[in-house]
Amino acid sequence: MNILIIGGGGREHALLSIYSTSSKVKKLFSIPGNDLMSFKAEKPVKIFPKINPTDKNAILNVVKKEKIDFVDVAQDNPLAEGMVDFLQSKDIKTFGPTKAAAQIEWNKEWSRDFMKKHHLPIPSYVAFSSIKKAKEYIQRLPKGGFFVKASGLAAGKGAIRCDNKEELLKAVEQMKTFGKSGKTFLIEEALIGEEASIYAICDGKNFKILKSAQDNKQVNNFDQGVNTGGMGANSPALVTSGVKVNKRIKQIIAMTIKGMRDEGISYVGVLYLGIIIDKKKNLRIIEFNARWGDPEAQVVLPGIKNDYVSIVEACIKGDLNKIKISEDKKTRVCVVGVSRGYPGDYSKVKNKELFGLDRATKIDGVEIYGAGIKRNGKREFVDGGRVINVVGEGDDIFEARSRAYRAISLINIKDNNLHYRTDIGWRDVDRRLNR
Ligand code: AMP
Ligand code: GLY
């Protein structure tokens, strides 16, 4: 089989790696992909860096020319623009939710209304498409924490935390900077508790829940600084341990898949549930996404022991119930190495050389996935904000974490331009040490 993955970051690289372990796979393709995908790959890999991942006709041409048997749409924008619907209408086997199903991510107003209608546990919220009306509403709000969120996709930057009226008024004004995505926005109650990411693979009716994960979004240690696309992750996230939490997670996913069916939508693909767990182990939903998380995919996917192609084929056929998914018992920690300045201006770092990758990949129990990286001959150069994803595995958080940090400490970007957090997975380290 020839498989094409739409997307080009660490998540897509992790997907490419798991697909490549299947005996059914001959060649792998990625649009746009990244240059590290073919570095030490087990199977032939071809990338198309010049093709935009939302360019339907260009993608169709590649599918025909390269005799692609199957497409996995992994990235949010092409999903929101109906890439799955388009490819399926051309009789191409495609994995991922349709545009209507992916609405659970790209239309936060629809998504919250859906959750409310189907009695899912959510914070209180109100949607606005008038800044004036939102400002009037803000005057009536009680004291407390809130989030102002653009309803459309905003590259992980669309949610602004506000702790008083001044911040709320400013955040509402900021919605204008998101263009079409910020035309409608939500003001919602800030939930208190610990966050975790849950992934379910769904065939429209049946689903399988995988090992949980925890993202570290802020740019600096101690969860300080602005939000990024993700500075690291660990899996499993121990906050999700226990019968009560797991039962509730299962219930929420089941209610969501059934709710979608009741709306006439078959959810086929990966469903990402972001939750907050409070001290009493009650759960509330932050959001749904219609895909794997990045960098969570880098710590969840390598733990799956099944042939991933068979899982995905079962989803497309609608018989996921016939498959038993098994995962290893390992803990994984991903540390994301970014260009100094990210998520702000990192233009001075672009094209600088990255050193040490070869040595770092030789460390036992370490996998490295690329993102904003280019290769020229045997040398690597920076080509984006998030550059590399260094994943360490181990029997527990300590072993996984020390492997990831041993590997990333061997890497640098010329003139000391590699930035990474040194506290990824801190919650579970704390939890284990304080037990
Ligand atoms: P989003 O853009 O919806 O993914 O939100 C980004 C981040 O903001 C989430 O990962 C949470 O950490 C935080 N967040 C969003 N909404 C809420 C909420 N209602 N309560 C607490 N945290 C939230
Ligand atoms: N890790 C958060 C996301 O992928 O949206």
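The structure we're discussing is the one just above.
Quick look at the structure, then. (Residues numbered from 1 in each chain as written. Chains lettered and ligands numbered in written order. Predicted model: local features only at pLDDT ≥ 70, side-chain atom pairs only at ≥ 80, totals over all residues. Heavy atoms only, no water.)

**As for the layout of surface pockets**
Here is step 1 of the chain: For the second largest pocket, the calculated volume is near 620 Å³.
Here is step 2 of the chain: Together, 32 residues line the second largest pocket, and Ser17, Lys40, Glu42, Glu367 and Tyr369 are the ones closest to its centre.
Here is step 3 of the chain: Counting only elements with at least two residues in the lining of the second largest pocket, the list comes to α1 (10-20), β20 (366-370) and β23 (386-394).
Here is step 4 of the chain: A per-element tally of the lining of the second largest pocket places α1 first, with six residues.
Here is step 5 of the chain: In the lining of the second largest pocket, the residues fall into 17 nonpolar, eight polar and seven charged. (1 Å grid on protein atoms, 1.4 Å probe; cavity = no way out; pocket = protein on both sides within 12 Å on 5 of 7 lines; lining within 4 Å. Points joined across faces, edges and corners; volume = space filled by probe spheres on them. Helix = DSSP H or I, 4+ residues; strand = E, 2+ residues; numbered from the N terminus. Nonpolar A, V, L, I, M, F, W, Y, C, P; charged D, E, K, R; others polar.)

**Looking at the environment of Tyr308**
Here is step 1 of the chain: Here Tyr308 lies in helix α11 (residues 308-317).
Here is step 2 of the chain: Owing to a relative accessible area of 0%, Tyr308 belongs among the buried residues under this scheme.
Here is step 3 of the chain: Put simply, Tyr308 and Gly392 are 84 residues apart on the chain and 21 Å apart in space, counted from C-alpha to C-alpha.
Here is step 4 of the chain: Tyr308 has contacts with Leu15, Ile18, Tyr19, Asp72, Phe95, Ile201, Val270, Trp292 and Leu301, leaving out every residue within four places of it along the chain. (Buried < 20%, exposed > 50% of the residue type's maximum accessible area, 1.4 Å probe, protein only. Contact = heavy atoms within 4.5 Å.)

**Focus on the site of ligand 2**
Here is step 1 of the chain: Close to ligand 2 lie Asp215, Tyr272, Asn289, Arg291, Gly293, Asp294 and Glu296.
Here is step 2 of the chain: The contact in question runs from a nitrogen atom of ligand 2 to an N or O atom on the side chain of Asp215, over 2.8 Å.
Here is step 3 of the chain: Here an oxygen atom of ligand 2 and a side-chain polar atom of Arg291 are 2.9 Å apart.
Here is step 4 of the chain: Burial of ligand 2 by the protein amounts to 88% of the accessible area it has alone, namely 200 Å².
Here is step 5 of the chain: By residue class, the composition of the shell around ligand 2 is one nonpolar, two polar and four charged. (Near = heavy atom within 4 Å. Polar contact = N/O pair within 3.5 Å; in protein donor to acceptor, adjacent residues only side chain to side chain. Areas by Shrake-Rupley, 256 points an atom, 1.4 Å probe, with all protein chains shown as cover.)

**Let's talk about the sheet that holds strand β2 (residues 27-32)**
Within a sheet, neighbouring strands are paired by backbone hydrogen bonds and run either parallel or antiparallel to one another.
Here is step 1 of the chain: Taking strand neighbours across the sheet as the criterion, the five strands line up as β3-β2-β1-β4-β5 in an open arrangement whose pairing is parallel. Both outer strands of the open sheet, β3 (45-47) and β5 (94-95), are each paired with one neighbouring strand and no more.
Here is step 2 of the chain: Of the strand pairs in this sheet, strand β1 (residues 2-7) and β2 are connected by six bridges, and their pairing is parallel. Paired with Gly7 across the two strands is Pro32, which belongs to β2.
Here is step 3 of the chain: Sheet contacts for α1: β1, β2, β3 and β4 (70-73); angle to β1, the most-contacted strand, approximately 165°. (Pairing = 2+ DSSP bridges. Axes fitted to C-alpha atoms, helices over the stretch in contact; angles between N-to-C directions.)

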